[in-house]
Each structure stands twice: as C-alpha cells, then as structure tokens.
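Structural overview for review
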Amino acid sequence: MDSIKTDIVVVGAGPGGYAAAFYAADLGKKVILIEREKRLGGVCLNRGCIPSKALLYATHQIVNARESAHRGITFAEPTVNLAQMRTWKESIIEKLAGGVAALAKMRGVQVIQGRGYFEGSNKLRVETETGQQFIKFEKAILAVGSNAAMPKAFDLGNPRIMTSTGGLEIEDIPETLLVVGGGYIGMELGTVYAGLGSKITLVEALDTILAGADPDLARPVIANARKMFKEIRLKTRVTKMSTVGKQIKVESEYNGEKLSELYDRVLVAVGRVPNSADLGLENTKVELDEKGFVKINPHQQTDDPNIYAIGDIAGGVMLAHKAHKEARIAVENINGQQTVFENVIIPAVVFTDPEIAWCGLTEAEAKEKGLKYEVAKFPWSASGRALSFDRTDGVTKMLMDPDTNRLIGVGICGAGAGELIAEATLAMEMGATPADIALTVHPHPTLSETLMECAEVFFGHATHTFSKRKPAE
C-alpha cells in the first residue's frame, strides 16, 4: 500500500494534540491528525474536563435551590431526569467536538480515525476500520494522553466499580457511593453525586484530601465536603472488593480496625496512567521512565529527534492547558525556533465547592525549597461581593519574595476561584509585584477586588481588613 507523506503527524487529538495540529497548519505545515475515537477532543472534552464541569454546574443548581430558603425563596424538591441530563451533557460534547472537527477541516488538517503504531522513526501505521494506512513523516508529535488507573485488586469487571469515565455516565443515582481517593477527581465527582442525593463515603490513604493544595486553602472545601458527604475517612487503606448481589463488598483498614461494608457503587479515583503501551515506541529511539511516561527535554523532544511528546504522556501535571502550552513549544521547535518549557506558570484549578486555584509555588513548596517568603491573606468575609451571594467561605492568598518583592505564588479558595486565578497567573508571568496589583484599579463590587486587597495587606493599608503596616526599609 502506498504511504501518505506529511510534514508532521500528530498522534492523539486531545487538547494538546489538536492544538499542535492546528498551530502547525497555521504555520504552513502539512499535518495529519490521528485519533482512535470517533470524536475529537480526547479525554478532556469527551470524558473529563467538560462533562464533569457540566454536571457540577447542573447539580450545583440543586444545592443552590436548597440553600436559598434563608433568603426568603423556597422551591419544591427537585426532580432529576437522568436521561435528559445525559442528553444535555452529550449535546455540549457533540457541539465542542464538532467545532474541533470543523476547525481541522478549515485549516486543511487531514484527520484519520484509527490507532497509530510506529514502525520506525519516520513511519506510522494506522489501523482503521477499513484497513491499514501508512504515513511517512518528517516529525511526529505524540499526544496520546493518559487513562484512569484501576488497581488490579479492584478490577472485577463489574460496572458498579467505576473510574471517572463510568462515573460521568450517571447511569443511576446510587443510594450509597464509596469514593476511593481524595484528589481532585474524587472530590469533584463526589460533589456531583452528593448533589444528586447519594450518601457519599470518601476514603483517602493519606492524612489529608487535595494533597497538592495548601491546607489553609483546602480547609473550606473539606468543611463543605463534610456537610455534603456522609463521611470522610483519612489514612484508610482499601484491601479488597468483591461482588455481593447488586452491591460491592469493600474491605478496608481504618483507625486500626478492619471494616467490611456494602455499597451500591464504588468510584475509584486513584490517579491516571500514561497510554504508552502498544504504540510501537520500541521501534523508535523514544525512551520511557519507570512509570511509563515518555522522557522529553525542555524542547518537548524525545530521545528520538524526530518525535516530540506533549501532555499527559510526557508526565508532569496532567492538565489540558499544560498540554496546550507544550503543543506550542513542540511546534515552534519543529519550525526552527528554540523554544523551551522553562519557568512557565501553569495554574491549577480544582472545581470543588468552593473551588481552589493556585499558580506558582504553594506555601508547602516554598517551605520545602527553603525559600524566604512573606504571606498575605484576604478573607472573603470582608468582601462585599462575596457577602452579596452568600459565599464568604473563601480566602485569597499571596506569597512574596522579600528580597525582590516579586510574587512567587498565589492561591485562591472560593466560588469562581478558577476564573480569578488568571489575573494572578498573568501577574506572575510578567514579573509583577504586589504593588503592581495593589495599584491596579479593580471594579467594585467584584471578587477580583480580593486580589487587590490581598496585595495591599503586604503594605498594611487594605481597606476592608486590618493588618500591621510593613516596616519601612
């Protein structure tokens, strides 16, 4: 069979892959995009970021309605039509995936549906529904992502034991749901099911949930979760699962006791693993680390000079916007520019209730690195905007290097924190100081003012909270 020749082949059409394909096409390259799923967009669009945020929004309306009674507004108990909810969720995914496909066509990016397999450093075989397709390429960008981890001890082949993929299908509303893992996926999906009425028990092997966030930022989330969930158990080890009728029997160790309990469903949210198997990488010079992630240099280049890797498959924080940034860096290097992924500020957002967002260093990381820093905090209880919609459970926090007066980290916990963190990310990218933020006029009444007033705390003149003035040097 004849081979198709192309400048760049991108394997995987998630937020990193299609961003790379589109950018390369914009720069005049001939690009082929390979995706094994019928819809473009990858896990993020189809089985992750987008559907989870849609369901969080939908179920938050239930919580909001219940909480409005003290404002003098009461509603009847909501009725939930799961089929209609799924249809609505799917319509969002279809619209976005269709948009990506349309943009690929406009840019002249050829999309081939199938599974890519490297036969060498310049040749890819694609297994499609109609047979094999061979592609000869100058450069390849690997963007095949990751998959939800399912420990062998829990993998019974029972659909009642779900990863995030199954959890987002919302097949039913289980009366009892065990969530294994207190990271962002477990907390977000636990919030969805709690809003729908499930009794949630969350277990976490560590001594805290949301371990990546500073404890003072996670505290309001934990407090709200304890109200929404039936129970949160820390330092708990799940040892075995088995099927008992239409339920799952779960054995665990907690507080020195061995527990045996029945749940209607179990959500396993213990991390993600790279999709690096069965790609033919052994036929190239690409090297993997001990966890199966592709090794790369700061140019996103693998040990094979013709192959680049971006997104989850390349390790590091598994975030769509990181993959998007890496896509740009990979394409620019292929195009002859010497761009590197160094000192890039990647914000993180956890869409719990309230949300947590941060960029730069957390306080825990600053301590671990032995850095000197000063901390300023502004409580949302002093924000008129937060008071106006009953969400005073937030806090805005900044870390400053006292020698340079530069910001080294910003963290926010509160409703809409994910939208607010972009200002802090831009400030850090531009090397701004707290004084720069404090001197910037922010509209009133908005939550954005909490960033301005937090910066003013460093200097002792925040209007809506009292702090001792920083001594003059």
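Okay, so let's go over this structure.

The rules we used
- Residues numbered from 1 in each chain as written.
- Predicted model: local features only at pLDDT ≥ 70, side-chain atom pairs only at ≥ 80, totals over all residues.
- Heavy atoms only, no water.
- Salt bridge = Lys/Arg side-chain N within 4 Å of Asp/Glu carboxyl O.
- Helix = DSSP H or I, 4+ residues; strand = E, 2+ residues; numbered from the N terminus.
- Buried < 20%, exposed > 50% of the residue type's maximum accessible area, 1.4 Å probe, protein only.
- Expected span 1.5 Å × (residues − 1).
- Polar contact = N/O pair within 3.5 Å; in protein donor to acceptor, adjacent residues only side chain to side chain.
- Disulfide = S-S within 2.5 Å.
- Contact = heavy atoms within 4.5 Å.
- Pairing = 2+ DSSP bridges.
- Right-handed = clockwise from strand over helix to strand, strands pointing away.
- Core = buried A, V, L, I, M, F, W, Y, C linked by side-chain atoms within 4.5 Å.
- Axes fitted to C-alpha atoms, helices over the stretch in contact; angles between N-to-C directions.
- Left-handed = near helix turned anticlockwise from the far one by under 90°.
- Nonpolar A, V, L, I, M, F, W, Y, C, P; charged D, E, K, R; others polar.

1. A word on the pattern of salt bridges
For the structure on display, the rule yields 23 salt bridges. Arginine 47 is the salt-bridge partner of glutamate 37, the closest N and O atoms lying 3.8 Å from each other. Of this pair, glutamate 37 sits in the loop between β2 (31-35) and α2 (42-47) while arginine 47 sits in helix α2, placing them 10 residues apart in sequence. Classification of arginine 47 as partly exposed rests on a relative accessible area of 26%.

2. Focus on helix α4 (residues 82-107)
Between the first and last C-alpha of α4 there are 38 Å, a value that for 26 residues agrees with the 38 Å anticipated at 1.5 Å per step. Buried within α4 are the following residues: Leu82, Met85, Lys89, Ile93, Ala97, Val100 and Ala104. The N-capping residue of α4, defined by a side-chain oxygen 3.2 Å from the backbone nitrogen of alanine 83, is asparagine 81. Once α4 finishes, glycine 108 follows within two positions and takes phi at roughly 80°, a positive value.

3. Overview of the state of the cysteines
Counted according to the given criterion, the structure contains one disulfide. Between the sulfur of cysteine 44 and that of cysteine 49 lies a disulfide, 2.2 Å long from S to S. Looking down the S-S bond of the cysteine 44 and cysteine 49 bridge, the torsion is -130°, so its handedness is left-handed. Judged by relative accessible area, cysteine 49 falls into the partly exposed class, the value being 30%. Cysteine cysteine 359 remains unbridged, with the sulfur of cysteine 454 as its closest cysteine sulfur at 12 Å. The exposure class assigned to cysteine 359 is buried, which follows from its relative accessible area of 0%. With no disulfide of its own, cysteine 413 lies 13 Å from the sulfur of cysteine 454, the closest cysteine sulfur. Under the relative-accessibility criterion, cysteine 413 is labelled buried at 0%.

4. Things to note about the environment of leucine 202
In this fold, leucine 202 is placed in strand β10 (residues 199-203). For leucine 202, a relative accessible area of 0% translates into the label buried. Not counting the four nearest positions on each side in its chain, leucine 202 is found in contact with Val179, Gly181, Gly182, Gly186, Met187, Ile209, Phe229, Glu231, Ile232 and Arg233.

5. Considering the pairing of β2
Burial of β2 is extensive: five of the five residues sit out of reach of the surface. Side chains Val31, Leu33 and Glu35 project from β2 onto one buried face, and the interleaved Ile32 and Ile34 project onto a second face that is buried too. Here four bridges tie strand β1 (residues 3-11) to β2, and the two strands are oriented parallel to one another. In the strand pairing of β2, isoleucine 8 is matched with valine 31. In terms of handedness, the path from β1 via helix α1 (residues 17-26) over to β2 forms a crossover that is right-handed.

6. Brief notes about unusual backbone geometry
Geometrically, the link from aspartate 353 to proline 354 is a cis peptide bond, its omega value of 0° lying close to zero. Of note, glutamine 300 is a non-glycine position whose phi angle comes to about 70°, a positive value. Relative to the helices and strands, glutamine 300 resides in the loop between β16 (272-274) and β17 (307-309). Not every positive phi belongs to a glycine, and aspartate 390 is a case in point at roughly 60°. Mapped onto the secondary structure, aspartate 390 falls in the loop between α10 (384-388) and β21 (395-400). For aspartate 390, a relative accessible area of 36% corresponds to the partly exposed category.

7. Considerations on the nonpolar core
Residues Met187, Phe229 and Ile356 are the most contacted members of the largest nonpolar core, which totals 40 residues. Residue assignment for this core shows that the elements contributing at least two residues are α3 (49-67), α4, β9 (176-180), α6 (184-196), β10, α7 (215-228), β18 (348-350) and β19 (355-360). Ranked by residue count, the leading element in this core is α6, at seven residues. Beyond its immediate chain neighbours, meaning those up to four positions away, phenylalanine 229 contacts Met187, Gly190, Thr191, Ala194, Ile200 and Leu202. In this structure, Ala357, Ile412, Met428 and Ala455 belong to the second largest nonpolar core, which totals 29 residues.

8. As for the packing of α6 against α7
Remark: α6 packs on α7, axes separated minimally by 10 Å, with the N-to-C direction vectors making an angle of 35°. In this structure, the crossing between α6 and α7 has a hand that is left-handed. Across from Met187, Thr191, Ala194 and Gly195 in α6, the residues of α7 making contact are Val221, Ala225 and Met228. A per-class count over the contact of α6 with α7 returns five nonpolar, two polar and no charged.

9. Focus on the sheet that holds strand β14 (residues 257-263)
Reading across from one edge, β12-β13-β14 is the order of the three strands in this open sheet, with antiparallel pairing throughout. The open sheet has two edge strands with one neighbour each: β12 (237-244) and β14. Neighbour-to-neighbour, the strand axes of the sheet open up by a mean angle of 20°, direction not taken into account.

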